[in-house]
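Below, each chain spelled out in residue letters.
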Protein chains: 2
Amino acid sequence: MITDARPWGGAAADIRLIDGVIAEVLPPGTVPQAGETLIEGRGRILLPSFADVHVHLDSTRLGLPFREHTGVPGVWGMMLNDRANWRSAETSIAERTTETLGRMVAHGTTSVRSYAQVDVDAGLERLHGVLAAREAHRDRATVEVIAFPQAGLLREEGSFELLEEAMRQGADVVGGIDPCLLDRDPAKHLDLVFGLAERFDAPIDIHLHEPDQLAKFSAELIVERTRALGMTGRVTISHGYGLGQLPHAQLVPLLEQFAELDIAWATIAPATPLPTLLIAEHGIRLGLGEDGQRDYWSPYGNGDMLDRTWQLAFTNNFRRDEDIEHCVAVATIGGRSVLGTAPALRGHLDRPGVAVGDPADLQLITGETVTSAVMDRLPDRTVVFRGAVVADGLELSAAA
Amino acid sequence: MITDARPWGGAAADIRLIDGVIAEVLPPGTVPQAGETLIEGRGRILLPSFADVHVHLDSTRLGLPFREHTGVPGVWGMMLNDRANWRSAETSIAERTTETLGRMVAHGTTSVRSYAQVDVDAGLERLHGVLAAREAHRDRATVEVIAFPQAGLLREEGSFELLEEAMRQGADVVGGIDPCLLDRDPAKHLDLVFGLAERFDAPIDIHLHEPDQLAKFSAELIVERTRALGMTGRVTISHGYGLGQLPHAQLVPLLEQFAELDIAWATIAPATPLPTLLIAEHGIRLGLGEDGQRDYWSPYGNGDMLDRTWQLAFTNNFRRDEDIEHCVAVATIGGRSVLGTAPALRGHLDRPGVAVGDPADLQLITGETVTSAVMDRLPDRTVVFRGAVVADGLELSAAA
């Protein structure tokens with residue numbers, strides 16, 4: 001039982017957790033049952049734990065010596081820079097991903113969808129690293145793995161066969177990327193991705209860095225295939241920066257199709273934000289992620305989704321408390337909705353995820369209100385996964 | 001003497017400070033002179049201390065109970081919301097500003113240019129509050145105060161007379177705001193501002209929130225008056241969001257005029273950034289500020305300029321180490337250049353402010369490199385003002 005906690009910053013309550021689920025929300029000061037384990041809320045705010053649904057665990061350098069950034073702008077140049085350097089890191093991929101996933105849990109994340117780059121250079125080594133991290137933290141977090149063709153499917157011989165093999169060896173989601181700009185044959189790229197997903201009965205996640213009208217074209221190709229193959233509810237578009245640049249009159253029909261086909265969206269809170277509230281008004285599943293974590297692509301990303309939630313609020317220029325709370329909802333239940341473990345956030349505020357029947361995947365954070373907690377991002381946090389404390393004060397619990 | 005410090009993250013050195021100035025940069029392990037006070041660098045990075053050159057100390061609510069945001073978008077609506085609420089804060093303006101200025105010093109800021117709103121509602125009460133804070137921290141920071149007509153000069157009878165009285169009572173800088181959109185008579189607004197500045201031989205700082213072509217028009221009016229009145233080097237434009245939206249072909253001639261007339265620029269690192277590197281290439285003095293600090297305008301702003309430096313880097317999508325170091329230069333020496341106590345940052349990287357002859361206004365921060373320190377924003381910091389430690393571990397020193 002969590003004692004003296006304030007769900008979404010509201011009135012204090014005691015929260016009884018049974019079998020990994022919130023069983024009762026009780027008045028504060030409830031007498032514990034015999035043998036009941038107590039988790040001290042100490043008046044902190046109770047929220048659903050974070051879901052990071054766009055993270056490249058397989059390139060992390062968190063915890064390793066800081067390395068000067070050597071990438072050049074552009075997806076292909078960045079990929080080549082990563083390719084030239086990742087093998088010479090101080091520790092193995094498995095060690096790095098395990099360390100970083102632990103850090104994410106320690107900061108409040110218990111649901112993760114991570115990329116594992118699969119290409120002719122890495123083969124399946126990076127996939128195996130992410131799978132090892134998942135196994136190491138299986139009692140601390142739920143992890144989905146995306147087999148991700150970062151280098152495209154058509155540029156290098158053998159790329160597709162490796163992606164197929166990655167799905168066979170335990171990846172959960174088929175990845176795709178910039179169908180126009182990277183492989184330069186969008187129909188063929190998407191047909192390969194959708195075909196593989198159909199064969200493995202797997203969801204799809206497609207990185208879309210393309211600009212404005214090109215992003216619109218690629219999104220339409222994705223919509224067409226989602227509809228034709230009956231993949232409603234199984235496709236996620238990641239980034240989609242360019243869609244956010246579209247005129248309102250072009251964006252809205254696209255959002256309506258996303259809603260119709262239940263196409264989800266994952267954002268990393270870039271400086272030029274997506275239309276966050278408009279997406280919610282359409283009932284589209286929207287989740288948040290960190291992207292890279294101090295890796296060969298960028299020095300940003302630190303394992304802390306509370307930081308990234310602040311970033312989502314800041315980039316949207318949100319000031320009203322209910323808007324900032326909506327960002328917390330996106331970073332928690334929004335991410336779970338992308339993973340299919342929670343419903344979409346319909347509309348703009350509903351403080352979800354802490355009612356009877358919800359999973360006991362929770363976090364306690366410090367603050368007077370949810371908004372002030374996002375602004376302050378303090379370290380006194382407790383993380384609960386399936387009813388058990390897995391981290392406290394930004395450190396993993398020994399017991400977990 | 002600061003021992004074992006790494007200027008801008010370079011090789012360790014001992015730094016001898018005499019009479020508030022860096023007197024010698026010596027090899028590490030130098031034997032101290034008899035009676036010399038030692039400041040332990042412990043291998044930390046040595047940087048110039050921060051300069052916050054755009055902060056509204058007089059509206060801060062940092063340290064007070066968190067208050068739900070009640071503002072409505074737009075300068076006038078936000079001003080009215082502030083006006084309706086600021087008097088009912090839990091403590092006086094003088095107490096709040098003193099508390100917040102102390103917090104800023106504790107986080108590494110020792111040069112400040114703060115607004116003090118002067119209008120028919122507040123009279124000079126807010127000015128007196130900021131002056132009291134300056135006096136309370138006179139041995140910890142240098143503070144310039146801008147008499148700031150937040151409500152315009154032409155909309156409410158008596159506004160200009162109050163601004164004049166504020167200059168008489170100790171304000172250092174004459175403020176102005178949105179000459180077109182707020183007072184709706186740009187020539188008259190600017191003539192009043194420039195006239196007052198001429199009379200008091202004072203610098204000028206003008207808030208410019210206006211969009212694209214309107215911002216360009218207002219900037220041109222400012223340029224014309226700066227030239228006509230021989231006020232080269234005495235004018236700062238704050239925000240200037242709209243100028244950053246101009247086509248390159250329109251922006252560059254404006255930047256050339258800013259450079260010619262040495263017009264400075266203060267930014268708060270908004271999500272849509274100014275062209276930071278282009279400004280530096282033109283040798284224009286650019287400083288950074290926090291704007292509001294958890295006040296009636298916004299919940300953002302926490303007294304920590306290292307956080308705001310991260311924000312400047314993030315919004316510019318900077319990843320290269322030298323670009324992120326440039327942001328630190330803007331937040332330190334760039335701000336001092338706006339205040340006239342350091343030269344402009346010419347070009348894009350020069351790691352200034354820690355050589356012999358530079359003021360002993362310094363900070364020690366934790367990190368492997370300057371970039372990693374900006375990413376991590378760790379609390380083990382030491383702040384030095386005029387050669388004396390004024391803060392340590394985010395707390396003011398008792399001695400100072």
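Residues numbered from 1 in each chain as written. Chains lettered and ligands numbered in written order. Predicted model: local features only at pLDDT ≥ 70, side-chain atom pairs only at ≥ 80, totals over all residues. Heavy atoms only, no water.

By the naming in an unreviewed UniProt entry, chain A goes by N-isopropylammelide isopropylaminohydrolase and is assigned to Cryobacterium arcticum.

A. Region of the structure containing the side chain of A:Ser49. Residue and element names in this part refer to chain A. By the element assignment, Ser 49 lies in the loop between β5 (45-48) and β6 (50-55). Of the residues examined, Ser 49 reaches a relative accessible area of 0% and is grouped as buried. Of the polar contacts made by the side chain of Ser 49, one reaches the side chain of Thr 110; its length is 2.6 Å. Residues contacting Ser 49, with those up to four places away along its chain left out, are Gly 108, Thr 110, Thr 332, Arg 336, Asp 361, Leu 362 and Gln 363. (Helix = DSSP H or I, 4+ residues; strand = E, 2+ residues; numbered from the N terminus. Buried < 20%, exposed > 50% of the residue type's maximum accessible area, 1.4 Å probe, protein only. Polar contact = N/O pair within 3.5 Å; in protein donor to acceptor, adjacent residues only side chain to side chain. Contact = heavy atoms within 4.5 Å.)

B. Just the packing of aromatic side chains, in detail. Going through the model one piece at a time under the given rule, you end up with 11 aromatic pairs over all chains. Ring plane angle 80° and centroid distance 5.7 Å describe the contact between A:Phe258 and A:Trp265, whose orientation is recorded as edge-to-face. Using a relative accessible area of 1% as the deciding quantity, one classes A:Phe258 as buried. Taken together, the ring pairs connect A:Tyr300, A:Trp310, A:Phe314, B:Tyr300, B:Trp310 and B:Phe314 into an aromatic cluster. The ring of B:Trp86 has B:Arg126 sitting right over it, with the charged end atom 4.9 Å from the ring centre. (Phe/Tyr/Trp six-rings, centres within 6.5 Å; stacked < 30°, edge-to-face > 60°. Lys NZ or Arg CZ within 6 Å of the ring centre and 35° of its normal.)

C. Focus on the interface of chain A and chain B. Between chain A and chain B, the contact holds 33 residues from the first and 33 residues from the second. Looking at the side of chain A facing chain B, the largest losses of area belong to A:Tyr300, A:Phe314 and A:Arg319, adding up to 27% of the total buried there. For the pair chain A and chain B, the interface holds 4 salt bridges. A salt bridge links B:Arg377 to A:Asp307, with the nearest nitrogen and oxygen atoms 3.3 Å apart. Along the contact surface separating chain A from chain B lie 16 residue pairs in polar contact (both at pLDDT 80 or more). Those elements giving two or more residues to the side of chain A that touches chain B turn out to be α10 (305-315), α11 (321-339) and α12 (370-376) of chain A. In terms of residue count, the dominant contributor to the side of chain A that touches chain B is α10(A) (6 residues). Of the residues belonging to the side of chain A that touches chain B, the class tally is 16 nonpolar, 8 polar and 9 charged. (Buried area = accessible area lost by both parts, 1.4 Å probe. Salt bridge = Lys/Arg side-chain N within 4 Å of Asp/Glu carboxyl O. Nonpolar A, V, L, I, M, F, W, Y, C, P; charged D, E, K, R; others polar.)

D. Examining the UniProt feature "domain: Amidohydrolase" (unreviewed entry) in chain A more closely. Annotation from UniProt places "domain: Amidohydrolase" (unreviewed entry) at residues 89-390 of chain A. Regarding residues 89-390 of chain A, the helix share stands at 42% and the strand share at 16%, and the terminal C-alpha atoms are separated by 28 Å. (UniProt positions renumbered as here; feature names shortened; annotations may be inferred.)

E. Representation of the packing of helix α6 (residues 212-228) of chain A against helix α8 (residues 248-260) of chain A in the model. Residues and elements named next belong to chain A. In contact at an axis separation of 11 Å, α6 and α8 are set at 25° when each is read in the N-to-C sense. Here α6 lies roughly parallel to α8, going by the angle between them. Remark: the crossing between α6 and α8 carries left-handed chirality. Facing α6, whose interface residues are Gln 213, Lys 216, Ala 219, Glu 220, Val 223 and Arg 227, α8 presents Gln 250, Leu 254, Gln 257, Phe 258 and Glu 260. (Axes fitted to C-alpha atoms, helices over the stretch in contact; angles between N-to-C directions. Parallel < 35°, antiparallel > 145°, perpendicular 65-115°, else oblique. Left-handed = near helix turned anticlockwise from the far one by under 90°.)

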